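Coordinates in review
Spelled out from the first residue to the last, the chains are:
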Amino acid sequence: MKLGIVGLPNVGKSTLFNAITNAGAESANYPFCTIEPNVGIVAVPDERLDVLAKMYEPKKVTPAIIEFVDIAGLVKGASRGEGLGNKFLSHIREVDAIVHVVRCFEDENITHVDGNVNPKRDIETINLELIFADLETVEKRIERVGKMKKSGEKKYIEEAALLDKIKEHLLKGLPARSLGYTEEEQAYLKEFQLLTSKPVIYVANVSDDAFLNDISKNEYVKTVEEIAKSEGAEVLAISSKIEEEISQLPDEEKKLFLAEIGLSESGLDRLVKKSYSLLNLMSFLTAGPQEVRAWTIKKGTKAPQAAGKIHSDFERGFIRAEVISYDELIAAGSMTAAREKGLVRSEGKDYVMQDGDVVLFRFNV
């Protein structure tokens, strides 16, 4: 899973990126300090792995991972190549979802590219640039499909109708993701690779004081929540400064610090959970003396395709999956005890994987 962190210059993107990846992207009080996208790989927090590691004492433990890409600050006119626009837009095209950081804090020492803090305007600035870029993509495709639909082929007639519908929606200043689609239309939509069809998490970046007090009363955050609701997007309020402090602490001290400020989990943990939910993802687990590991799949994935995440041979030669839920395995105390109690199921090709399944795939190539 690849998430692109976007936003106007000086909204706290790179500070957030540094905090969640500890990758040390340069953070400075001027636009374009992030010219090439910084990439950081982070482990998906999963306490189940720690418990399984105690049970199996494996040689290694491998969590699922998320790739964060810190994309340089967009500015007005990016869709026409202003600033470093074209480059930024191409980087956004490559991600699965967008983490849109919105400045919700006042700080006279950090300049705002438009002179003052206004989350609604800032979100519109970014969204409009992405909409303009999508309009260009849609118009080019309309021209190409228009010639093809003269053949009378159903595929091109349906595609042309959808493109016209999307164009009309974009011209209203609305992102493609806020338009309803049928299953057939969603298949076409994937081919279009529109920037505004990507799922979005708005991160309302607040001051540490605001975060530690009643965030529900913060007017800036309320504005972001209203916009997110209208688009069907997710929203998460964090303080990138606090996240930066947390990221620099040893694991044991992190827990103490979080408890002191009244939190059970860090902003990264919350961001990961929202990302999984937004992209309809879940994890299954494999466990043995060599390795305990989490694997990320889409909800609704069947056993052979899940096996294919491990190795293509597993999917090609799939025979069956030996499955037990994580909770049942832990309650039994060991895989041997679970087998004796008849808790390990043998599942075939039509089995739909569940979050937390602990699996052994049987295959023959």
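Reading the values: the criteria
Residues numbered from 1 in each chain as written. Predicted model: local features only at pLDDT ≥ 70, side-chain atom pairs only at ≥ 80, totals over all residues. Heavy atoms only, no water. Helix = DSSP H or I, 4+ residues; strand = E, 2+ residues; numbered from the N terminus. Buried < 20%, exposed > 50% of the residue type's maximum accessible area, 1.4 Å probe, protein only. Contact = heavy atoms within 4.5 Å. Areas by Shrake-Rupley, 256 points an atom, 1.4 Å probe, with all protein chains shown as cover. Axes fitted to C-alpha atoms, helices over the stretch in contact; angles between N-to-C directions. Parallel < 35°, antiparallel > 145°, perpendicular 65-115°, else oblique. Left-handed = near helix turned anticlockwise from the far one by under 90°. Lys, Arg positive; Asp, Glu negative; His and termini not counted. Salt bridge = Lys/Arg side-chain N within 4 Å of Asp/Glu carboxyl O. Polar contact = N/O pair within 3.5 Å; in protein donor to acceptor, adjacent residues only side chain to side chain. Core = buried A, V, L, I, M, F, W, Y, C linked by side-chain atoms within 4.5 Å. Pairing = 2+ DSSP bridges. pLDDT = per-residue confidence, 0-100.

1. A word on the overall build of the chain
- For the chain, the count of helices and strands is 15 helices and 12 strands.
- Taking all 365 residues of the chain together, the buried fraction comes to 48%.
- Within the chain, contacts between residues separated by at least 24 positions form 68% of all contacts whose residues are at least 6 apart in sequence.
- Within the structure as shown, the chain displays about 18200 Å² of accessible surface, and the carbon and sulfur contribution to it stands at 49%.

2. Digging into the packing of helix α1 (residues 13-21) against helix α9 (residues 240-247)
- Packing of α1 against α9 brings their axes to within 8 Å, and their N-to-C directions diverge by 25°. Considering their axes alone, α1 and α9 lie roughly parallel with respect to each other. Note that α1 runs across α9; the crossing there is left-handed. Taken together, the residues of α9 that come into contact with α1 (itself represented by Thr15, Leu16, Asn18 and Ala19) are Ser240, Glu243, Glu244 and Ser247.

3. As for the packing of helix α4 (residues 119-148) against helix α8 (residues 219-231)
- Running from N to C, α4 and α8 point in directions that differ by 40°, and their axes come no closer than 9 Å. Between α4 and α8, the angle falls in the class oblique. Within the contact between the two elements, α4 uses Pro119, Lys120, Ile123 and Asn127 and α8 uses Tyr220, Thr223, Val224, Ile227 and Glu231.

4. Description of the environment of Asp164
- Note on placement: Asp164 falls in helix α5 (residues 154-171).
- Through-space distance from the C-alpha of Asp164 to that of Ile142 is 7.5 Å; in sequence the pair is 22 residues apart.

5. Details of the side chain of Glu243
- Within the secondary structure layout, Glu243 lies in helix α9.
- Here Glu243 is buried and forms no salt bridge, its nearest opposite-charge partner Arg270 lying at an N-O distance of 4.7 Å.
- Side-chain polar atoms of Glu243 contact the backbone nitrogen of Gly267, separated by 2.9 Å.
- The contacts of Glu243, once residues within four sequence positions are left out, are Ala19, Ile238, Ser266, Gly267 and Leu268.

6. Let's talk about the nonpolar core
- Counting 69 residues, the largest nonpolar core has Ile66, Phe68, Ile92, Tyr202, Val203, Leu271 and Leu329 as its most contacted members.
- In this view, Phe68 contacts Leu3, Ile5, Phe17, Ile20, Thr21, Asn38, Val39, Gly40, Val42, Leu268 and Leu271; residues no more than four positions away in its chain are not counted.
- Judged by nonpolar contacts, the second largest core, of 17 residues, contains Ile131, Val145, Leu179 and Phe192.

7. A word on the pairing of strand β6 (residues 200-205)
- Along β6, six of the six residues are buried, which leaves the element largely enclosed by surrounding structure.
- Neither face of β6 is left uncovered, since the one carrying Val200, Tyr202 and Ala204 and the one carrying Ile201, Val203 and Asn205 both have all their residues buried.
- Bridge analysis of strand β5 (residues 97-103) against β6 gives six bridges, and the strand direction is parallel. Each bridged residue has a counterpart across the sheet, and for Val102 the counterpart in β6 is Ala204.
- In terms of strand pairing, β6 meets strand β7 (residues 234-238) through five bridges, oriented parallel. In the strand pairing of β7, Ala204 is matched with Ala237.

8. Here's the deal with the confidence of the model for the chain
- Averaged over all residues, the pLDDT of the chain is 87; the fraction at 70 or higher stands at 90%.
- The low-confidence segment residues 28-35 (pLDDT under 50) makes 22 contacts with residues lying over four places distant or belonging to another chain.

9. Regarding α1
- α1 sits mainly inside the fold: nine of its nine residues count as buried.
- Within α1, burial applies to Lys13, Ser14, Thr15, Leu16, Phe17, Asn18, Ala19, Ile20 and Thr21.
- At the exit of α1 stands Asn22, carrying a positive phi of roughly 55°.

10. What to know about the sheet that holds strand β1 (residues 2-6)
- One open sheet accounts for six strands, arranged β2-β4-β1-β5-β6-β7; its pairing is mixed. Of all strands in the sheet, those with a lone pairing partner are β2 (38-43) and β7, marking the two edges. Within the sheet, the average angular offset between the axes of one strand and its neighbour, ignoring direction, is 25°.
- Seen against the sheet, helix α11 (residues 267-278) touches β1, β2, β4 (65-70), β5, β6 and β7 and runs at an angle of roughly 180° to β7.

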